[in-house]
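Letter by letter, the chains look like this.
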Amino acid sequence: MRRIAASLVLLLPLAGSAFEWTGQLGFVYDRTDSWQDRLAHDVRPHYDLDLRLDTKGYIDSPGVFDWRAAGGYRRSSVELNGAKSQLSDTFIYNVHGALFQHADSPLTLTGFASRTDTRFGAVGGMDAPGNRTTDRYGGVLHLASETTPEVDLGYQRNSFKDEFPAQPDHTRTSDVFSALLHQDVGAFAMSANYRRENSDGTWISDQFDEDTLYLNAQAHLGKASDVTVYDQYYRRTATAISASAFSLDLNTFQAGYRAGIQPGELTLIRYLNSRAFSDFGAVSTEVLSNSLSYSQDFATSNREVFIRGGAELTTRDTRGPLGNAQSRGATLRPEAWWRRSDRRRTYELSAGPLLGALQSEGSTRFGYGAMTRARVEAPWNDYTVGAMYELTYDTNLFGRHGWALSQQGSGSVRGAAGPGRFAVQLSALARRGWTDGLGDEATRSLSARGEYSWHRYTARGQLDFQSGILPGTPQSFIGDGLLVPVGFSTHSTTAIAGMDIRLLTSLSATGQLRYTLSTVPGQPDQDLLETLAAVAYRYGAFELSIEDRLSRSNAASATNNIVLVRVARTIGSRY
């Protein structure tokens, strides 16, 4: 596939005055040539003509009443092997006004309206295939002062209509109401955001009511203690009576208390409540979960050693078409810590057992596990080195019947080398486990990133590898999730190498090579090898950019080549 595009734009920008206008004229030619192995050669040229006019200004003085208006037109024509395949005309209108929009005003009122009207014209002697129209209008009232909370009240009306003779008309309208409350005074800060949408339309998926609420509050009780509260609520209620209609009700509430700043002096208390309800036709499912955790650091005679004690209570209730299930869990997490830290170095080492009990399906099971963690960040010669490793194993803990082995590690090095500076980061993550009702699961990922900059050059590289299976995969496997390959899994690999060069103050170049490979059981492998070269030049009001992108997919037996050329020239005028 080969694509060639050219764009010539004439812009007339204006600086601040009582009346400003900007004109834009653009032309784009896009040609796509497709070469696929053992298939015919297709040629698809695409022409776009763009016209746009933007105006803005104010009445009396800036900040009293400011306004913006814009209108645009686009003529689009597409051909396939010498015959027209699509022809359309699009008209775009936008209007925006703001009353009392200046910093000292306690009240600001804004309004807006827009329309996009696309008319698909005759193709090959046929009648016009149809029209597509989108309208939007609304406004926002903003209230703010030094002594009262900041409040936003908004309304927006959206409407969409498709009219095509070959199919039934599709219309959708929605009314959106929004409210925002924000307060930040001294040691207390809070924000609340509410959104309500009433939607109706031709399709079943258009007929619903939706509510979304975010609440976040924080209070500082002293120099080293605070209380935080977070609540997120989402509800979608279907207003259509149909087997394909669905409703959702999701809620997450979290409250926490923290005292202390550095490890060794911390007190943490957290409560988490979540509810998930779904109704798909005649099938409904509800999951309720609660957890209360407490963590306390205890100092010893050695300033570098302390004990961290932790406890967590967990409940989980599931109600569904297959019956109801309950689980109750209690977990103890004692840890021994060694930590040495100063302005340049940090060394940490912690380890401890996990003990608990799980009550599920009328029986009580003993839970156990262990965890260990190590972290270091320190200078080494002329470099800064960092490393971290964490290993956790648990069985029948945290209110869950099952087991899990997880490990993660990372390392980084940065500093000066030769005429420039470099930074390298490595990370690995692996998880292997089994859960009652879902079965085996295993995931692993490896990632490496590096960058080296000197003078006007920057070289960069990236390597990512992911593999694993999801819970419920109906096939056994062997492996530890990181070092031993998983028998039934997906694989994804990405490798990127590139370089950026600044040849002159206004001239820069970029080159990049990228390879991706994705393997999914039961599906063909997907691969892509891509090269990219780009040059950008800017001098005053003149801009020129050239980009060439060549890619090859062996799985699709296709080669694509895209060449993009853009030229822009700006001049200004004002009144």
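Since the model is a prediction, treat every value here as computed from it, not as a measurement. (Residues numbered from 1 in each chain as written. Predicted model: local features only at pLDDT ≥ 70, side-chain atom pairs only at ≥ 80, totals over all residues. Heavy atoms only, no water.)

Re the overall build of the protein
Stage number 1. Looking only at helices and strands, the protein has zero helices and 30 strands in total.
Stage number 2. Every one of the 575 residues in the protein was classed for burial, and the buried ones make up 29%.
Stage number 3. The contacts of the protein with a sequence gap of at least 6 include a subset with a gap of at least 24, amounting to 47%.
Stage number 4. Of the roughly 33,500 Å² that the protein leaves accessible, carbon and sulfur atoms contribute 59%. (Helix = DSSP H or I, 4+ residues; strand = E, 2+ residues; numbered from the N terminus. Buried < 20%, exposed > 50% of the residue type's maximum accessible area, 1.4 Å probe, protein only. Contact = heavy atoms within 4.5 Å. Areas by Shrake-Rupley, 256 points an atom, 1.4 Å probe, with all protein chains shown as cover.)

A closer look at the packing of aromatic side chains
Stage number 1. Following the criterion strictly, the structure yields 12 aromatic pairs and no others.
Stage number 2. Look at Tyr368 and Tyr393: their rings are 6.5 Å apart centre to centre, the planes differ by 50°, and that puts the pair in the tilted class. In this pair, Tyr368 sits in strand 20 (residues 363–380) while Tyr393 sits in strand 21 (residues 383–395), placing the two residues 25 residues apart along the sequence.
Stage number 3. Taking relative accessible area as the criterion, Tyr368 reaches 40% and is therefore assigned partly exposed.
Stage number 4. Overall, Tyr393 belongs to the partly exposed group, its relative accessible area being 29%.
Stage number 5. Taken together, the ring pairs connect Phe366, Tyr368, Tyr393 and Trp403 into an aromatic cluster. (Phe/Tyr/Trp six-rings, centres within 6.5 Å; stacked < 30°, edge-to-face > 60°.)

With respect to the side chain of Glu335
Stage number 1. Relative to the elements of secondary structure, Glu335 occurs in strand 18 (residues 335–341).
Stage number 2. No salt bridge forms around the buried Glu335; measuring N to O, its nearest opposite-charge neighbour Arg308 is 4.9 Å away.
Stage number 3. A polar side-chain atom of Glu335 sits 3.5 Å from a polar atom in the side chain of Trp337.
Stage number 4. Leave out the neighbours within four places in its chain, and Glu335 touches Phe306, Ile307, Arg308, Ser350, Ala351, Gly352 and Met371. (Lys, Arg positive; Asp, Glu negative; His and termini not counted. Salt bridge = Lys/Arg side-chain N within 4 Å of Asp/Glu carboxyl O. Polar contact = N/O pair within 3.5 Å; in protein donor to acceptor, adjacent residues only side chain to side chain.)

Some points on the pairing of strand 28 (residues 526–539)
Stage number 1. Bridge analysis of strand 27 (residues 507–519) against strand 28 gives 12 bridges, and the strand direction is antiparallel. For Thr516, the partnering residue across the bridge sits in strand 28 and is Leu528.
Stage number 2. One ladder, built from 11 bridges, connects strand 28 with strand 29 (residues 542–553); its direction is antiparallel. The residue of strand 29 that forms the bridge with Thr531 is Leu550. (Pairing = 2+ DSSP bridges.)

Thoughts on the confidence of the model for the protein
Stage number 1. Counting all residues, the mean pLDDT for the protein is 84, and 89% of those residues have values of 70 or more.
Stage number 2. Here strand 1 (residues 2–11) stands out as the element of the protein with the lowest mean pLDDT, 44, in contrast to strand 10 (residues 188–201), whose mean of 95 is the highest.
Stage number 3. Within the model, pLDDT remains below 50 along residues 1–16, and this stretch shows 75 contacts once partners closer than five positions in the same chain are excluded. (pLDDT = per-residue confidence, 0-100.)

Digging into a nonpolar patch on the surface
Stage number 1. Together, Leu221, Tyr257, Ile269, Tyr271, Leu292, Tyr294 and Leu313 line one region of the surface with nonpolar side chains, adding up to about 630 Å² of accessible area.
Stage number 2. Following the sequence through the fold, Tyr257 ends up in strand 13 (residues 246–259). (Patch = residues over 30% accessible without salt bridge, like charges linked within 9 Å, V, L, I, M, F, W, Y side chains within 5 Å.)

What about the environment of His46?
Stage number 1. Mapped onto the elements of the fold, His46 is located in strand 3 (residues 42–59).
Stage number 2. Residue His46 is classed as partly exposed on the basis of its relative accessible area, which comes to 24%.
Stage number 3. For the pair His46 and Tyr29, spaced 17 residues apart in sequence, the C-alpha to C-alpha distance is 5.9 Å.
Stage number 4. Ignoring sequence-local partners within four residues, the contact set of His46 consists of Val28, Tyr29, Asp30, Ser76, Ser77 and Val78.

Some words on the pairing of strand 4 (residues 65–80)
Stage number 1. Direction of pairing for strand 3 relative to strand 4: antiparallel, over a ladder of 14 bridges. Following the sheet pairing, His46 is matched in strand 4 by Val78.
Stage number 2. Counting the residues that bridge the hairpin from strand 3 to strand 4 gives five residues, and of these Asp60 lies at a positive phi of roughly 75°.
Stage number 3. Where strand 4 meets strand 5 (residues 83–99), 16 bridges bridge the pair, whose relative direction is antiparallel. Bridging from a neighbouring strand, Ala69 pairs with Val95 of strand 5.
Stage number 4. Between strand 4 and strand 5, which pair antiparallel and follow one another directly, the connecting turn spans two residues, one of which, Asn81, has a positive phi of 55°.

Some details on the environment of Tyr257
Stage number 1. Look at Tyr257 and you get partly exposed, because its relative accessible area is 30%.
Stage number 2. Sequence-wise, Tyr257 and Thr267 are 10 residues apart; in three dimensions their C-alpha atoms are separated by 7.8 Å.
Stage number 3. Those residues in contact with Tyr257 that lie beyond four places of it in its chain are Leu221, Ser225, Asp226, Val227, Thr267, Leu268 and Ile269.

As for unusual backbone geometry
With the exception of glycine, most residues fall at negative phi, and the peptide bonds are largely trans.
Stage number 1. The phi dihedral of Asn396 is positive, around 55°, even though this residue is not glycine.
Stage number 2. With respect to the secondary-structure elements, Asn396 resides in the loop between strand 21 and strand 22 (402–417).
Stage number 3. Even without being a glycine, His455 presents a positive backbone phi close to 50°.
Stage number 4. Relative to the helices and strands, His455 is located in the loop between strand 24 (439–454) and strand 25 (457–469).
Stage number 5. For His455, a relative accessible area of 68% corresponds to the exposed category.

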